Amino acid sequence: MPSSTRPTIEDVDIFHGPLRYWFLENKRDLPWRRMFWNAYAVWVSEIMLQQTQVATVIPYFERWMCSFPTVESLANAELEEVLQHWSGLGYYARGRNLHRAAKMVVDGYNGSIPQEQPALLKLPGIGRYTSGAILSIAFNQPEPLVDTNVIRVLSRVFAIAGDPKSSAVSETIWKFAKQLMPDGTASDHNQALMELGATLCIPVDPRCPRCPLVGICVAGNSPDPTLFPQLAPGRATVQQSHTSVIIERNGKYLMVQRYLNGLWGGLWEFPRRVANKGETALQCAIRAAKEVVGLEVVPMETVATVKHAVTHHRIVLTGVLAVWQLGEPTRLDCAELRWLTLDELDSVATSSPQSTIISKTKQKYRTSGVIQKEIPFEA
DNA sequence: AATACGGGGAT
DNA sequence: ATCCCAGTATT
């Protein structure tokens, strides 16, 4: 096979031989690979790994499997506990969907994970990729799978032009993936493609000399292997300021639960306001405290400021302390409301920036005791 | 077909 | 700062 020519589907032997041997020799020791016979473990890991890197997932996966070792245990758990285990992992609909799907598997399939694609696709949170992953990795069925790793590997090997996010190019890649499926070694094969994309065929500075596919790879034999895939440029990020108001009364702190839909759905946080156009972080903080506490003048102190990136937003979250003793909080648009002690703050599911504000609050309380300090009102 | 949905790590 | 990541659901 001349390296300048685009390889044909006749070159599949390279995938089934050298690529598979490379994988068996070089695969990383990952928690879910110690439980391969367990389709539930594969399922959980695949949901957690959606858009999330291996290193981030590992501790979450281990805690999860410890608390919810079976489909039944997950189905019987409270959503509250499920979200708590997902707290900080992001894309929280994944956790809610996994919980809902576990109930469906227990109720509709007697607790056994379906082994047919149509049934899997009916479960919330399982799409084309994840169904392929469960069928091939857990059940060794010859079902293809395409994730960003596979996109990168195949678009480089076969010099597939165009934006792989577009439906046309995506279908092309799925077609290649399907034709490459081997008999009897689907599990190794799909993992090998992804492992290659994760460790050698990486976005920047790919390690082509060590790659088992270098003999047939078009991009790998070109001056610049990173010309593929031809990804479209991403969107610019927008900055946004938020303010959380930390309200203490009789040693308890006011927390609100967000609605299930939307950003950070179902998670708990200190009452929050988004800055208006042209409003500075400080102005937003003053307004937020006034609105939530319902007083004209509120003594306050900034506990922490967290910069955080979500999707195409850059969020600056400021935590402001407001000591407050009169009446009830106002203008709280939330699913539920609770007063929690400092220690109980850790017992609810929170987003990553919110958990930072909480830990800074506790730190400040423990080191200076400032939160206990009486600040006189000037209503 | 486009957009919403997190958060951490690498460069 | 910017890109990237074991994608899915909704519009």
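Scroll up for the structure.
Residues numbered from 1 in each chain as written. Chains lettered and ligands numbered in written order. Predicted model: local features only at pLDDT ≥ 70, side-chain atom pairs only at ≥ 80, totals over all residues. Heavy atoms only, no water.

Q: How would you explain the overall build of chain A if you had to name every residue and give the values?
A: Looking only at helices and strands, chain A features 13 helices and seven strands. Dimensions of chain A along its principal axes, counting C-alpha atoms only, are 85 × 50 × 35 Å. Buried residues in chain A amount to 50% of all 379 residues. For chain A, the exposed surface amounts to about 18200 Å²; the carbon and sulfur share of it is 52%. Computing the positive centroid from 38 side-chain charges and the negative centroid from 36, chain A places the two 5 Å apart. (Helix = DSSP H or I, 4+ residues; strand = E, 2+ residues; numbered from the N terminus. Buried < 20%, exposed > 50% of the residue type's maximum accessible area, 1.4 Å probe, protein only. Areas by Shrake-Rupley, 256 points an atom, 1.4 Å probe, with all protein chains shown as cover. Lys, Arg positive; Asp, Glu negative; His and termini not counted. Charge placed at Lys NZ, Arg CZ, Asp CG, Glu CD.)

Q: Can you explain the protein's contact with DNA strand B? Please cite residues and give values.
A: Surveying the vicinity of DNA strand B reveals 19 residues, the closest of which are Thr 52, Tyr 92, Ser 167, Arg 235 and Trp 264. The protein-proximal atoms of DNA strand B, defined as those within 4 Å of the protein, are 58% sugar or phosphate. Between DNA strand B and the protein, one listed contact pairs a base nitrogen with a side-chain N or O atom of Thr 52 at 2.7 Å. Separating a phosphate oxygen of DNA strand B from a side-chain N or O atom of Tyr 92 is a distance of 2.4 Å. (Near = heavy atom within 4 Å. Polar contact = N/O pair within 3.5 Å; in protein donor to acceptor, adjacent residues only side chain to side chain.)

Q: Would you mind going over helix H5 (residues 79-86) in detail, with residue names and values included?
A: Within an α-helix, residues lying three or four positions from one another point in the same direction, as the helix has 3.6 residues per turn. Regarding H5, the residues found buried are Val 82, Leu 83, His 85 and Trp 86. Each buried residue of H5 sits inside an arc of 155° when the element is viewed along its axis, so together they form one side. Where H5 ends, the next residue or the one after it, Gly 88, has phi of about 100°, a positive value. (Arc of directions from axis to C-beta.)

Q: Can you explain the protein's contact with DNA strand C? Please cite residues and give values.
A: Close contacts around DNA strand C come from 25 residues, with Gln 51, Gly 125, Asp 147, Asn 149 and Arg 152 the closest. Contact between DNA strand C and Tyr 129: a phosphate oxygen at 3.3 Å from a main-chain N or O atom of the residue. Take Asp 147: an N or O atom from its side chain is 2.5 Å from a sugar or linking oxygen of DNA strand C.

Q: Just give me the short version of the pattern of salt bridges, but keep the residues and values in it.
A: Summed over the entire model, instances satisfying the criterion amount to 15 salt bridges. A salt bridge links Arg 258 to Glu 269, with the shortest nitrogen-to-oxygen separation between them at 3.1 Å. Highlighted residues: Arg 258 in the loop between strand S2 (252-257) and strand S3 (268-269) and Glu 269 in strand S3, separated in sequence by 11 residues. Overall, Arg 258 belongs to the partly exposed group, its relative accessible area being 21%. The network of salt bridges with shared partners includes Arg 273, Glu 279, Arg 287, Glu 291 and Arg 331. (Salt bridge = Lys/Arg side-chain N within 4 Å of Asp/Glu carboxyl O.)

Q: An account of the nonpolar core is needed here, citing residue identities and associated values.
A: Counting 95 residues, the largest nonpolar core has Phe 15, Tyr 40, Trp 43, Met 48, Trp 64, Leu 154 and Leu 196 as the members making the most contacts within it. The biggest single contributor to this core is helix H2 (residues 39-48), with eight residues. Not counting chain neighbours up to four residues away, the residues in contact with Tyr 40 comprise Trp 64, Met 65, Phe 68, Pro 69, Thr 70, Val 71, Leu 74 and Ile 113. (Core = buried A, V, L, I, M, F, W, Y, C linked by side-chain atoms within 4.5 Å. Contact = heavy atoms within 4.5 Å.)

Q: A description of the side chain of Thr 185 should follow, citing residues and the corresponding values.
A: As for its position among the elements, Thr 185 is in the loop between helix H10 (167-180) and helix H11 (186-199). The exposure class of Thr 185 is buried, given its relative accessible area of 18%.

Q: Help me get a handle on the packing of H5 against helix H6 (residues 93-109), residues and values and all.
A: At a closest axis distance of 9 Å, the pairing of H5 and H6 adopts a crossing angle of 140°. For the element pair H5 / H6, the angle class is oblique. Considering the relative orientation of H5 and H6, their crossing is right-handed. On H6, the residues touching Leu 79, Val 82, Leu 83 and Trp 86 of H5 are Arg 94, Gly 95, Arg 96, Leu 98 and His 99. (Axes fitted to C-alpha atoms, helices over the stretch in contact; angles between N-to-C directions. Parallel < 35°, antiparallel > 145°, perpendicular 65-115°, else oblique. Left-handed = near helix turned anticlockwise from the far one by under 90°.)

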